[in-house]
2 protein chains.
Amino acid sequence: MARKRTVAAAQLGPIALSESRASVVARLCALLAEARARGATFVVFPELALTTFFPRYVFEDEAELDRFYEGSLPGPDAAPLFEAAREAGIGFYLGFAERVEEAGRIRRFNTAITVDAAGRVIGRYRKVHLPGHAEPQPGRAFQHLEKRYFEPGNLGFPVFEGLGGKMGMLICNDRRWPEAYRVMGLQDVELVCLGYNTPLDHADHEEINVLSGFHNALSMQAGAYQNATWVIGAAKGGREEGSLMLAESCIIAPSGQIVAQATTMEDELVCATIDLDMGRPYKETFFDFARHREPEAYRLIVERKGPGPMLGAKSASEA
Amino acid sequence: MARKRTVAAAQLGPIALSESRASVVARLCALLAEARARGATFVVFPELALTTFFPRYVFEDEAELDRFYEGSLPGPDAAPLFEAAREAGIGFYLGFAERVEEAGRIRRFNTAITVDAAGRVIGRYRKVHLPGHAEPQPGRAFQHLEKRYFEPGNLGFPVFEGLGGKMGMLICNDRRWPEAYRVMGLQDVELVCLGYNTPLDHADHEEINVLSGFHNALSMQAGAYQNATWVIGAAKGGREEGSLMLAESCIIAPSGQIVAQATTMEDELVCATIDLDMGRPYKETFFDFARHREPEAYRLIVERKGPGPMLGAKSASEA
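Here the structure is a predicted model, which means the values were calculated and not measured.

(A) A look at unusual backbone geometry. Cis geometry is found at the peptide bond from Leu73 of chain A to Pro74 of chain A, where omega equals -5°. With respect to the element layout, Pro74 of chain A can be found in the loop between strand 3 (69-70) and helix 3 (79-88). Positive phi is not limited to glycine here, since Asp188 of chain B has a value of about 65°. Looking at the secondary structure, you find Asp188 of chain B in the loop between helix 5 (178-185) and strand 9 (191-197).

Structure representation (structure tokens):
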């Protein structure tokens, strides 16, 4: 009763600021063709996969900023990807900057969609955990202005049917937050797809920078294990417009084991044949949530945003 | 402005079913003496550190069960440990089975206390995540009856002042649950102490058993990193009454790096000099909770105990 599927993480090397959408889409199509040749039926592309990682720049002119965003997909530029995927019978996850009119105003989100093998959009996710700043930080070689160019996602962490299983999505920094995986775990997720852009040169602390690869794997492995789900992480890596970004795209099992990993910082496809039932033994023992979780003890997770007073003395005497 | 302290994980090898409390306490005192010689001012002992791991047995007779529990500590048997620690000026974490009269009835908890260098109990924690079963499982070489012999802890996850910092406690299976670390992270915890007994022979799946060491480290490393806190994990390991248990006690930095680890399955002390300020750069950037967390998106964590319906279709159209 194994539910096996061959899936891929389609890593991208750098995208130049001047590179056209058509050129990028041609690269995505080449990775898709390789996925088809290797028997994959689902491909995960990175976050903001159609452009350079533009939050590193300060744009004062809104028209200049707008050129990095999409309205609805597929637009004319991305259409060849959607057509090639449908023709090949391959579904995919794609990250992009979304500009929409909602609630009577223009809104901008860091978004990913999942498209099934028939070309239908079956899932949409808007990044909840925006890193960086809203205002340019003095003295930085590269800015990280996601809080300026996007608002936090307003769709929660939806899980939906796909690949004959239960799928969810995250984007980049989301992967460091156990809450994000857990909300999907509580929907019995079986496969989490996520794309990322992780600059290695924007933290103020070199001792953190050098651990970027370790932290990337640790976060995804823990999220996979603790929710008994597959995770596919696809990077845009390499030195992009001078900014070095982590690559190390990988496919992680519900055991937390890395079963496939990219070794270059360029366009590279990594594949694995995964069994969507593999998480079952974990969900029936260690992570049988219905038997073992104690939600009353977790209330602080939703009652506090940032850290607050210690509860030690009170909890012992006033419980 | 570093706040450096030398701390230790005091791993225990097996405790025989027939071993006396006095004999066990003598072993704890020997580890304490070694800690003193190595300059440590705080020692973490394992979960249920005064007895064999008795939840592997079925006891029908309550009097027979009661001999594994303590009323208040220090009782006469444990007094030498408390005296030696106070005399040495060393604080400690100690796990034990607690039997108390509360709310008009006898209650049993899997408990840990933290004692400061002056011999005062400054923190008490009762294990929230009880693994195993309430009823004996047919066909198992060793039972795991924590749900029979304990009720879930009723003190939450308190953080309290200790070692000139902010301390919290977990016990064994708690370490696999990111909610547990996060509730303490939201109290700005700087050092989490935890003891564990992890049998390698009780899961029904060999492929999970063989990953026990990996899952132990992964869970503690992720909890440390994602909350930018030190974690000290102390095992009772080795083959105890025929049941093989994981050892691999370790001390983990707020970076997630393992800075000290036991290599035997016997009584063994591992020490490290830790800086309680080390988590600060993480708490001011990646894990600046007040800037980056989005509690509204986490509500399912407290609204559901076990997994429920997928929210996919609704979240996109009705958000």
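The structure having been displayed, the exposition proceeds.
(B) Structural detail: the side chain of Asn197 of chain A. All names here are of chain A. Mapped onto the elements of the fold, Asn197 is located in strand 9 (residues 191-197). Within the local environment of Asn197, its side chain forms a polar contact with the backbone oxygen of Glu47, the two atoms lying 2.9 Å apart. Polar side-chain contacts of Asn197 include one of 2.9 Å to the side chain of Lys236.

(C) Seen up close, the sheet that holds strand 14 (residues 258-261) of chain A. Residue and element names in this part refer to chain A. Pairing is mixed across the open sheet formed by six strands, whose spatial order is 7-8-9-10-13-14. Pairing within the sheet leaves two strands with one partner each, and these edge strands are strand 7 (159-162) and strand 14. Across this sheet, the average inter-strand angle for adjacent strands is 25°, counted without regard to direction. Pairing analysis gives three bridges linking strand 13 (residues 250-252) to strand 14, with the strands arranged antiparallel. If you follow Ile252 over to strand 14, its bridge partner there is Ile258.

(D) Region of interest: the pairing of strand 9 of chain A. Residue and element names in this part refer to chain A. The buried fraction of strand 9 amounts to seven of the seven residues, a majority that puts the element mostly inside the structure. Here strand 8 (residues 165-171) runs beside strand 9; their pairing, made up of five bridges, is parallel. Bridge assignment links Gly168 to a residue of strand 9, and that residue is Val192. Read as a crossover between parallel neighbours, the route from strand 8 over helix 5 (residues 178-185) to strand 9 is right-handed. Bridge count for strand 9 against strand 10 (residues 230-236) is seven bridges, and the pairing is parallel. Counted as the bridge partner of Cys193 is Ile232 from strand 10.

(E) Structural view of the interface of chain B and chain A. Each side of the interface is counted separately: chain B has 73 residues, and chain A has 73 residues. Between chain B and chain A, roughly 7,000 Å² of surface is buried when both sides are summed, and carbon and sulfur atoms account for 66% of that area. Three residues, Trp177, Lys305 and Met310 of chain B, lead the burial of chain B against chain A; their summed loss comes to 10% of the area buried on that side. Linking chain B with chain A are four salt bridges. In this assembly, chain B and chain A are joined by 34 residue pairs in polar contact (both at pLDDT 80 or more). Broken down by element, the residue count for the side of chain B that touches chain A peaks at eight residues, all from helix 7 (residues 212-227) of chain B. A breakdown of the residues in the side of chain B that touches chain A according to their chemical character gives 38 nonpolar, 20 polar and 15 charged.

(F) Quick peek at the sheet that holds strand 13 (residues 250-252) of chain B. Residues and elements named next belong to chain B. Read from one edge of the open sheet, six strands run 7-8-9-10-13-14, paired in mixed fashion. Edge positions in the sheet fall to strand 7 (159-162) and strand 14 (258-261), since each has one partner strand and no second. Going across the sheet, the axis of each strand differs from the next one's by a mean of 25°, ignoring polarity. Sheet strands in contact with helix 7 are strand 9, strand 10 (230-236), strand 13 and strand 14, and its direction is about 30° off that of strand 13.

Parameters and conventions
- Residues numbered from 1 in each chain as written.
- Chains lettered and ligands numbered in written order.
- Predicted model: local features only at pLDDT ≥ 70, side-chain atom pairs only at ≥ 80, totals over all residues.
- Heavy atoms only, no water.
- Helix = DSSP H or I, 4+ residues; strand = E, 2+ residues; numbered from the N terminus.
- Polar contact = N/O pair within 3.5 Å; in protein donor to acceptor, adjacent residues only side chain to side chain.
- Pairing = 2+ DSSP bridges.
- Axes fitted to C-alpha atoms, helices over the stretch in contact; angles between N-to-C directions.
- Buried < 20%, exposed > 50% of the residue type's maximum accessible area, 1.4 Å probe, protein only.
- Right-handed = clockwise from strand over helix to strand, strands pointing away.
- Contact = heavy atoms within 4.5 Å.
- Buried area = accessible area lost by both parts, 1.4 Å probe.
- Salt bridge = Lys/Arg side-chain N within 4 Å of Asp/Glu carboxyl O.
- Nonpolar A, V, L, I, M, F, W, Y, C, P; charged D, E, K, R; others polar.

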